[in-house]
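Geometric and topological summary
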Amino acid sequence: MQFTPSAEPAETSRLAELHTLDILDTPGEQGFDDLATLASQLTGCPIALVTLVDAQRQWFKAKVGTDLCSISRDVAFCDYVVRGRTELEVPDLRQDPRFAHNPFVTGPPRAVFYAGYPISTATGSVLGTICVIDLVERTLTLTQREQLRALARQVSTQLELRRLTIEQAREIELRTATQRQLARSRSEYRLLTENSGDVIARCTMDGRITYISPSVSTVLGVTVQLELGANLLGRVHPEDRPGVREAFEEVRLGDPQTVTVRMLAADGRWHWLECTLAPLYDPEKGEPEIHCAAREVTERVDAAARVARSEEQFRSIFHGSPMGITLTDTEGRVLSANPAMCRLLGVAEKDLVGRLRSEFIHPADTTLHPGAMQELKNRPGESLEVVVRFRRADGVLAWASAWLSWIHDGSPEPHLLAHVFDITDRRRAEMALADSEANLSAINRVTRRILSGEDARASIVTALVDIAEAEVASLFEISAPDELVISGSSDTSLIGTTYPFAGIPVTAAVWREGESLFIERAEDHPMLNQDLARMLGAKSILYQPILSGGQVTALLAVTWSRVLTNLTDRRVMAVALLADEAAFALEHDALLRRYEELAGTDQLTGLPNRRSWDERLAVLIAAAQRSGDPLVVAVADVDRFKAYNDTHGHLEGDGLLREVARAVKAELRTVDLVARWGGEEFAIALPNCGDADARTVLDRVRESMPRGQTISIGYCQWDPQELPESLMDRADSALYEAKRSGRNRVVSAGDLA
């Protein structure tokens, strides 16, 4: 019969403890054998066993008087001891109904007497027995029973010692594995750090360097030996050290930090490094350290600085552009004109601003501008060319190409932006060539489409294919330092393809010399990139540079799938003329985008935007410095605007901001300034106004809010020694306090002192 072990948790736990000892089916051991022998001798029984009861069997660890190694658990006398967790003594097995039919009673060895004593663990589990068996009826004396109990305790002790030995061995094995893993991790860490392009360092919490990777010599030009033991802060720019110390403190508290700082290189130059700091614990040293991964970002920081400088440069485009630029109102009155426009007309700016545009245009052409203005209103976002004759101050009649675009900068009425080119020479040349070169008129029409708002690059290459009777025409431009990109092509699959500048020697040569180049036979030409030539299917190629201000800004490539043995002057002139027109068109697109970016009015509210605020605040501070009059600056924030936006929608939110702008402006004087600072925030400047008067004015502003909305305002009075950034920071701190203390209130920075 197959024995079915109990599925109770106690039995599962007992079996787990037994298997943990890893003793089943192990060879005999003298210690256990001695205990079995002693049990037989003490009781006079011919059979004595030290047994362990597994799930399906009873296995004999030590035995006297039998050759068996194990028996099935379902016929084991000792199973009753295990399940009962107590001693069992049966004087006559034949008379006990539990054992009368047991095969070891009815058959060999024909057992009659049995006494078993449990082998227990510290947890109370019974793993087996020490037992004795006799072939005659009998009972044990009290002394014998006590002796068997002592032997059972000795077996338990032996098993406990075995368990402790196994646990110690496993702990040693685990510790050894951990040490191997630690050594492997250190090796991998060293391998990664020493082969990383970033500078990897470890330092103590006060900044003393305990390890630094070899890449420090590449980044900063110093040796590892020189840096070990030095303080990391010693190479940090003095202005950046406080920030690094603060980051060290945060790392000490367990919070990783990233800081961008200047570090001194061996050549005396400051390099910008982005440092990621994280806590690190070395179990051998027994103390925390700081792990630092530093990446050089000098180029990125310099690029950001260049962007900031370019903003200022863009402001100068209007005044420095070689083409004439004017801004007029809807009546045609000149609002502003750049120096190039003044030179074009031969009139000083002060004599030009305020006058009507029609005063300078030939009478026969005066209707062209109004007609174009009306047409552009029906074509928003587009530009339109008007070619007119104009009279210079010296009386000379000249031709101009004026590209007109409406500029919506938040003012009540749009302004008309005109880019004016003096095309007198070109006009004369066009008229001279009209009788002999029909293609030139086609070029002019294509140019007009380009500058009227169509994609310039697509129009240029399409026109080139038609005019030059070619298969493919492409436009190359600079996309990155030392890299060219095909920005336009009649084969659209080529658009976006980039090449190293030096990868196509012929383009580098044309770019450098600024002269067109015709290659009659492209195959195997030493200056050509043959992969590109095959991609274009080119047999003959014409390269034409596009010049702006005497500098090559782009390159045209015209290819034919057949060998041209004679490139006619007509084709060369047509391509050259289109290149000239392309230069003007591309410059026009760039200038138009840049000029729109310089607009200083917020389109939603009609208030000055943040850029305009910065400029005007500087003027107000300069005036206050000269006069000694007080100046108050405030920052106001519409309360719970996001909730309003989420509830009523963005259009209603925009309407609320416009009404807030009007309400604020209505409460201020003419000399006061209000601008949209950003989002739902507004900046207010009150010249010649002290702290007390400012509170009165700002309270009126607070009470004027539309739609039942509220607004929080923080303000401060300007300190003559204070920079604008600090002034705005103090006002913003006061606004924060107004928000924190309940909203819908006015708080002075002086209240925070």
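These lines cover the structure that appears in this document, whether it is placed above or below. Being a predicted model, the structure only gives us computed values, none of them experimental. (Residues numbered from 1 in each chain as written. Predicted model: local features only at pLDDT ≥ 70, side-chain atom pairs only at ≥ 80, totals over all residues. Heavy atoms only, no water.)

What to know about the overall build of the chain
As a reminder of what qualifies: Numbering of helices and strands runs from the N terminus; a helix is a DSSP stretch of H or I covering at least four residues, while a strand is a stretch of E covering at least two. Residue burial is assigned from relative accessible area. The probe radius is 1.4 Å, only protein chains are included, and a residue is buried under 20% of its type maximum, exposed over 50%, and partly exposed in between. It only takes one pair of heavy atoms within 4.5 Å for two residues to be counted as in contact. Only the protein chains shown count as cover for residues, and the accessible areas themselves come from Shrake-Rupley with a 1.4 Å probe.
Looking only at helices and strands, the chain features 23 helices and 27 strands. Relative to its 753 residues, the chain shows a buried fraction of 45%. Sequence separation of at least 24 residues holds for 53% of the intrachain contacts in the chain that already meet a minimum separation of 6. If you sum the accessible surface of the chain, you get close to 38000 Å²; carbon and sulfur atoms cover 52% of it.

What about the sheet that holds strand 16 (residues 415-422)?
Note the threshold: We call two strands paired when DSSP finds no fewer than two bridges between them. Only C-alpha atoms enter the line fits that serve as axes; for helices the fit covers just the stretch in contact. Angles between N-to-C directions range over 0 to 180 degrees.
Strand order in the open sheet formed by 5 strands is 13-12-16-15-14, with antiparallel pairing between adjacent strands. Single-partner strands in this sheet number two, and they are strand 13 (334-337) and strand 14 (383-391). Averaged over all adjacent pairs, the angle separating strand axes in this sheet is 30°, with direction ignored. Where strand 12 (residues 324-328) meets strand 16, 5 bridges bridge the pair, whose relative direction is antiparallel.

Side note on the packing of helix 20 (residues 641-648) against helix 21 (residues 650-666)
To keep it simple, the criterion reads: Angular relationships are summarised with four words: roughly parallel below 35 degrees, roughly antiparallel beyond 145, roughly perpendicular across 65 to 115, and oblique for the angles in between. In the scheme used here, Gly and all other residues not listed as nonpolar or charged are polar, with Ala, Val, Leu, Ile, Met, Phe, Trp, Tyr, Cys and Pro taken as nonpolar and Asp, Glu, Lys and Arg as charged.
Contact geometry for helix 20 and helix 21: axes closest at 6 Å, N-to-C directions at 135°. By the angle between their directions, the pair helix 20 and helix 21 is classed as oblique. Contact with helix 20, carried on its side by Phe641, Tyr644, Asn645 and His648, involves His650, Glu652, Gly653, Leu656 and Leu657 of helix 21 and no other residues of that element. Taken together, the residues that form the contact of helix 20 with helix 21 break down as 4 nonpolar, 4 polar and 1 charged.

Section: the nonpolar core
The line we're drawing: Nine residue types can take part in a nonpolar core, namely buried Ala, Val, Leu, Ile, Met, Phe, Trp, Tyr and Cys, and a core is a set of them joined through side-chain atoms within 4.5 Å.
Counting residues in hydrophobic clusters, the biggest one holds 28 residues, and the most contacted among them are Val664, Leu668, Ile684, Leu686, Leu698 and Ile713. Of the residues forming this core, the biggest block, 6 residues, is contributed by helix 21. The residues touching Val664, leaving out its near neighbours within four places in the chain, are Val674, Ile684, Val701 and Met705. Listed in part, the 27 residues of the second largest apolar core include Tyr117, Ile119, Leu127 and Val155.

A word on the sheet that holds strand 24 (residues 673-678)
The sheet built from 5 strands is open, its strands ordered 24-25-23-26-27 with mixed pairing. Edge positions in the open sheet fall to strand 24 and strand 27 (746-748), since each of these has one partner strand only. Between one strand and the next, the sheet's axes are offset by a mean angle of 20°, whatever the strand orientation. Together, strand 23 (631-638), strand 24 and strand 25 (681-687) form the strand contacts of helix 19 (residues 610-627), whose direction differs from that of strand 24 by roughly 140°. Most of the contacts of helix 22 (residues 691-703) go to strand 26 (residues 711-717), to which it runs at about 165°, and overall it touches strand 23, strand 25, strand 26 and strand 27.

Topic: helix 20
For an α-helix, the turn length of 3.6 residues means that residues three or four places apart are oriented alike. Note the cut-off: Taking the helix axis as origin, the arc is that swept by the directions to the C-beta atoms.
All of the buried residues along helix 20 are Phe641, Tyr644 and Asn645. In an axial view of helix 20, the angular spread of the buried residues amounts to 100°, which keeps them on one side of the axis. Exposed side chains of helix 20 directed beyond 90 degrees from the buried face belong to Lys642, Asp646 and Thr647. Looking at the buried side of helix 20, the elements it contacts are strand 23 and helix 21. Within two residues after helix 20, Gly649 carries a phi angle of roughly 100°, on the positive side.

Things to note about the pattern of salt bridges
We apply this condition: Just to be clear on terms, a salt bridge is a Lys or Arg side-chain nitrogen sitting within 4 Å of an Asp or Glu carboxyl oxygen.
Across all of its chains, the model carries 42 salt bridges by this definition. For Glu274, the salt bridge is made with Arg300, and the minimal N-O distance between the two is 2.9 Å. With Glu274 in strand 10 (residues 270-282) and Arg300 in helix 9 (residues 298-320), this pair connects stretches of sequence that are 26 residues apart. Its relative accessible area of 24% is what places Glu274 among the partly exposed residues. The partly exposed category is assigned to Arg300, whose relative accessible area is 46%. In this structure, Glu737 and Arg740 form a salt bridge, with 2.7 Å as the shortest nitrogen-oxygen distance. Here the residue Glu737 and the residue Arg740 both occupy positions in helix 23 (residues 724-740), the gap between them amounting to 3 residues, near one helical turn. A network of salt bridges, in which partner residues are shared, links Glu11, Arg14, Arg73, Asp79 and Arg83.

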